[in-house]
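Descriptive analysis of the structure
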Amino acid sequence: MTAGTLTAPAPYTAPVPRIDRVGIVGCGTMGAGIAELCAKAGQDVLVAVRSEDAVPAGLRRITASLDRALSRGRVGADEREAALARVAFTRDLGDLADRQLVVEAIPEDETAKLSVLGTLDKVLADEDAVLATNTSSLSVSRLARATTRPGRVIGIHFFNPAPVLPLVELVESVLTEPATRDRAEAFVVNDLGRTVLRTRDRAGFVVNALLFPYLISAIRMVDAGHAEPEVLDRAMELGCSHPMGPLRLADLIGLDTTVSIARAMYEETKEPLHAPPPLLLRMVECGLLGKKTGRGFYTYR
């Protein structure tokens, strides 16, 4: 399969070693969602977090998501309990040494990601372990250079909410080895039941390269006084059958993450349509980050 094509969730038949032990670094929205998805698939999941306070917060995110899935009939009570039992936490990246796959899922900060990947490179005992980044915009090739095993590094980009959305972008750097790609793809397709889109290592990959110019344009229209957020969102929901308007979607993604992705795309392309508008920058500077902080373009209770 070449870049830009899809692998549906059907058996992936390449002869690759099975992955049973998964590590996740970070337990925010994305890390918690990936941990839940892997636990429901039967994996032994170990989540590394920065502080003691992050452990109950991460567990609450996973539990709340499983409770929603239970109430909607997507999982049974036994499956919920089994998934929770498969998730453990640690504050020491060294405890991930025995993992066969580790997914870095910390915020979209290149310096922080380079540090985490460099540390994981030193602690992983299995030379064939897959070291993945859930970056949504940064260069996988550049991140891989923080390690001594760049051929084992790959982008596995889940979408929010990870336990629900069926697509995963698989991003090979120019250094990723075919065996790493095949093992990661087999895991995502066979074990997680996701559809894989192989994409080139470029800012925004495929989905965000299409999505973020749209989001930035909507924010620019609000900044210019062209329309209020509610008007723009209803226009796209009713006029284009979008399930969610661009401003609510930006709030859901996180306005800080929106700035990070827009900046990464602008740095690579120098396209003005990728540059974050002044309104967006001001909101982030003031801590109005969207749904996760209770206020963005909308107020959340």
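Read on for a plain summary of the structure. Predicted model only: the values in this text are computed from it and were never measured. (Residues numbered from 1 in each chain as written. Predicted model: local features only at pLDDT ≥ 70, side-chain atom pairs only at ≥ 80, totals over all residues. Heavy atoms only, no water.)

**Quick notes on helix H2 (residues 54-71)**
Under the 1.5 Å per step criterion, the end-to-end length of H2 is 26 Å for 18 residues, consistent within 8% with the ideal 26 Å. For H2, the complete set of buried residues consists of Val 55, Ala 57, Gly 58, Ile 62, Thr 63, Ser 65, Leu 66 and Ala 69. Contacts from the buried residues of H2 go to helix H1 (29-40), helix H3 (77-85) and strand E4 (87-90). (Helix = DSSP H or I, 4+ residues; strand = E, 2+ residues; numbered from the N terminus. Expected span 1.5 Å × (residues − 1). Buried < 20%, exposed > 50% of the residue type's maximum accessible area, 1.4 Å probe, protein only. Contact = heavy atoms within 4.5 Å.)

**Some words on helix H6 (residues 178-191)**
With 14 residues, H6 extends 19 Å from end C-alpha to end C-alpha; this agrees with the ideal 20 Å at 1.5 Å per step. Buried residues dominate H6, accounting for eleven of its 14 residues. Residues of H6 that are buried include every one of Thr 180, Arg 181, Asp 182, Arg 183, Ala 184, Glu 185, Ala 186, Phe 187, Val 188, Val 189 and Asp 191, and no others. Immediately beyond the C-terminal end of H6, within one or two residues, lies Gly 193, with a positive phi of roughly 70°.

**Considerations on the nonpolar core**
Formed by 37 residues in total, the largest nonpolar core has its most connected members in Ile 24, Leu 101, Ile 156 and Phe 158. It is H1 that contributes the most residues to this core, seven residues altogether. Discounting residues that sit within four places of it in the chain, Phe 158 has contacts with Met 30, Ile 34, Leu 37, Asn 134, Val 168 and Leu 192. Ranked by size, the runner-up nonpolar core spans 21 residues in total, among them Val 102, Val 140, Phe 205 and Ala 264. (Core = buried A, V, L, I, M, F, W, Y, C linked by side-chain atoms within 4.5 Å.)

**Here's the deal with the environment of Phe 158**
Take Phe 158: it is sitting in strand E7 (residues 153-158). Sequence spacing of Phe 158 and Gly 296 is 138 residues, and the spatial spacing of their C-alpha atoms is 23 Å.

**Regarding the pattern of salt bridges**
Counted under the stated rule, the structure contains 22 salt bridges. Linking Arg 18 and Asp 20 is a salt bridge whose minimum nitrogen-to-oxygen distance equals 2.8 Å. A relative accessible area of 49% places Arg 18 in the partly exposed class. Measuring nitrogen to oxygen at the nearest pair gives 2.8 Å for the salt bridge that ties Glu 110 to Arg 142. Of the two residues, Glu 110 is situated in helix H4 (residues 110-123) and Arg 142 in helix H5 (residues 140-144); the sequence distance between them amounts to 32 residues. Its relative accessible area of 25% is what places Glu 110 among the partly exposed residues. Looking at Arg 142, the relative accessible area reads 43%, which means it is partly exposed. (Salt bridge = Lys/Arg side-chain N within 4 Å of Asp/Glu carboxyl O.)

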